[in-house]
Amino acid sequence: MTGRSRAGYVPVAADPTSPETHQDVPHGGVLHVHPDGRSYTYAYGPPGVAGLLHNYYALGCAIFASIGGLTFGYDQGVIANVLVMKDFVQRWHLSAWETGLMTAALELGSLLGALTAGTLADKYSRRQSIFTACAVFCLGSALQFGAQSPNHLILGRGIGGLGVGALSMLSPLYMAEISPPEVRGSLMALEQFAIVIGAVLGFWTGFFTRDIPGSACWRIPLGIQLIPGILLGLGCMGLPPSPRLLVQQGRTEEALRSLAKLRLRSRGEIESDPLLQIELLEMQVEAALIEQTTTADSSAQNTKRGTFQAELHAWQRLFTPKLRKRTFIGVTMMFFQQWSGINALLYYGPTLMRSLGLQGDAATLMSAGGVGIVQFLAVLPAIVFIDRLGRRPLLRGGSLVMALSHLLIASLVWTYSSDWPSHALAARVALLCVYTFTAAYGMSYGPIGWILPSEVFPLSARSKGVALSTASNWMNNFLIGLLTPVFMERSASATFLIFAIACSLGYIWSTCAVPETANVSLEEIDAVFGSSAGREDLALKHQIEADLGLHDLIQRWTQPSPDTA
């Protein structure tokens, strides 16, 4: 069973002695109505692995859409090896600044891609936007593959970044909109899983091609990223359209047919399946809530809806007294996620490993590659325990472990960097600290960075709030890619000290500023932020539910029939 909460769908116990009304529904599934007669839970199938297999069509669509995350991860992982390949270094002779610019060009392009993708996705469709993003990504990848100068590489990474940034927003958006409620969390976790898998594949592809003579050693791994881009671009048009977007566009009948296909219902079962009707009405309620909130904002500002001025006012709402604390949480979450130092390790892993005294290309590269593997393994327990342990304890614990790891590394580099061969044990301890940091990140800042922004914003401001938080991620990612080689050239120990300070500040921030959002009610979150934004949304939402007949539909299906009365 699944229960509906502000943060999503969470497990609830099916207690036969509970006063709630239980109703098995036609064509499979179950509906529970709670004693207040207003809140309810429903599921098309069982939760967990069994639920994923039960919803095999939605699972397949989500796995295919997650290729967008794989392209992001692969591009992150492959650059670390390319930057230290002999032919690449000897051919281009890049300065620290040029190296940083080439790496950071992807993040700057991704920032622009993520911001523009939302508008395109709403105006046209998720699938068309994914196709366009893949085409742009493939163009950038082709420029990198055939680069004849450093400028070609920088331009290719910038153009490729437009596609990567768009896909980083579009893929999880599409996955969320097609997922059944009882397995939505598991399907959403595929995005982070795909990113980590892509990073691992990108790194080790470069590792195994590094000894190929000539420029093929780095052109091959850069060219391979065309494969997932082409695959997703060609295949995405065969995916079912997002029923939520169709509802927002007023195409309700098409939305119902698409939803029925995703839930494995035949056309003949559409009218008699209450779960389809309930889920469709939920989408209509959400669309109406956003519509009415946007209209109210436009009227208050004396602007016409759909204009640039109205859009600007909608963004400015994030900085009003009711929402600015929530905006601060979302933006700073992404700031600390990036300045923890994780992407510095992904982008410049081999370079950083050399600063720890590791000798030989193979040892250096394999040690750097271990960062991706440790992160991959750390994500798995996080998926299982993140709701049970809560957000704040994981953020605080992760910040503390990461800060101590960086601090110890900085001390070891400062003390022994002048003579690492005579202090092999110190080098091993530093490497252990790198892996400890990575594991702590994978169980804290990694997954929570993408969860927290969606939980702190009320529904009417969630899309723009999450978009602004994502922009913060890419902007800080850009700064990390640009500045890390400059920092390393000046002082390796100072570089790790900067990350230690950032993680320490993250501990203070998560202790003093971050509310617990796991399984917390809307009213409690409003109290934490000292605002009524969530309660106002909830009151309006209940009114819209009544106006659209959602409450009547639920009551009709849970009333005992005359035969059972």
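The structure displayed is predicted, hence computed values, not measured ones.

**Here we look at the packing of helix α2 (residues 56-65) against helix α7 (residues 150-178)**
Taken N-terminus to C-terminus, the directions of α2 and α7 make an angle of 175°; their axes are 9 Å apart at the nearest point. Judged by the angle between their axes, α2 and α7 are roughly antiparallel. Residues Ala 58, Cys 61, Ala 62 and Ala 65 of α2 form the contact with α7, whose participating residues are Ser 171, Tyr 174, Met 175 and Ile 178. Grouping the constituent residues of the contact of α2 with α7 by class yields seven nonpolar, one polar and no charged.

**Observations regarding the pattern of salt bridges**
Considering all chains together, one arrives at seven salt bridges under this definition. Residues Asp 75 and Arg 157 are paired through a salt bridge, measuring 2.8 Å at the closest nitrogen-oxygen approach. Of this pair, Asp 75 sits in helix α3 (residues 67-82) while Arg 157 sits in helix α7, and the two are 82 residues apart along the sequence. As far as the burial class goes, Asp 75 and Arg 157 line up, both buried.

**Overview of the nonpolar core**
Leu 395, Leu 452 and Trp 509 are the most contacted members of the largest nonpolar core, which has 42 residues in total. Mapped onto this core, the elements with two or more residues apiece are α15 (324-339), α16 (342-355), α17 (361-389), α18 (391-416), α19 (424-442), α20 (445-456), α21 (459-490) and α22 (492-512). The next biggest cluster of nonpolar side chains, apart from the first, holds 24 residues, and it includes Ala 62, Ala 65, Ile 67 and Met 175.

**Looking at the packing of aromatic side chains**
Following the criterion strictly, the structure yields twelve aromatic pairs and no others. Measuring from ring centre to ring centre gives 6.3 Å for Trp 204 and Phe 208, while their planes differ by 40°; the resulting arrangement is tilted. With Trp 204 and Phe 208 both in helix α8 (residues 184-209) and four residues apart, the pair spans about one turn of that helix. Among the residues examined, Trp 204 registers a relative accessible area of 18% and is labelled buried. Considering the side-chain rings of Phe 335 and Phe 336, the 5.2 Å spacing of their centres and the 80° angle between planes classify their relative orientation as edge-to-face. Among the aromatic residues, those joined into a cluster by ring pairs are Phe 203, Trp 204, Phe 207 and Phe 208. In this structure, Arg 210 is placed above the aromatic ring of Phe 207, and the distance from its NZ or CZ to the ring centre is 4.1 Å. The residue whose ring lies beneath Arg 263 is Tyr 44, and the NZ or CZ to ring-centre distance is 5.4 Å.

Here is what the cut-offs are and how they apply
- Residues numbered from 1 in each chain as written.
- Predicted model: local features only at pLDDT ≥ 70, side-chain atom pairs only at ≥ 80, totals over all residues.
- Heavy atoms only, no water.
- Axes fitted to C-alpha atoms, helices over the stretch in contact; angles between N-to-C directions.
- Helix = DSSP H or I, 4+ residues; strand = E, 2+ residues; numbered from the N terminus.
- Parallel < 35°, antiparallel > 145°, perpendicular 65-115°, else oblique.
- Contact = heavy atoms within 4.5 Å.
- Nonpolar A, V, L, I, M, F, W, Y, C, P; charged D, E, K, R; others polar.
- Salt bridge = Lys/Arg side-chain N within 4 Å of Asp/Glu carboxyl O.
- Buried < 20%, exposed > 50% of the residue type's maximum accessible area, 1.4 Å probe, protein only.
- Core = buried A, V, L, I, M, F, W, Y, C linked by side-chain atoms within 4.5 Å.
- Phe/Tyr/Trp six-rings, centres within 6.5 Å; stacked < 30°, edge-to-face > 60°.
- Lys NZ or Arg CZ within 6 Å of the ring centre and 35° of its normal.

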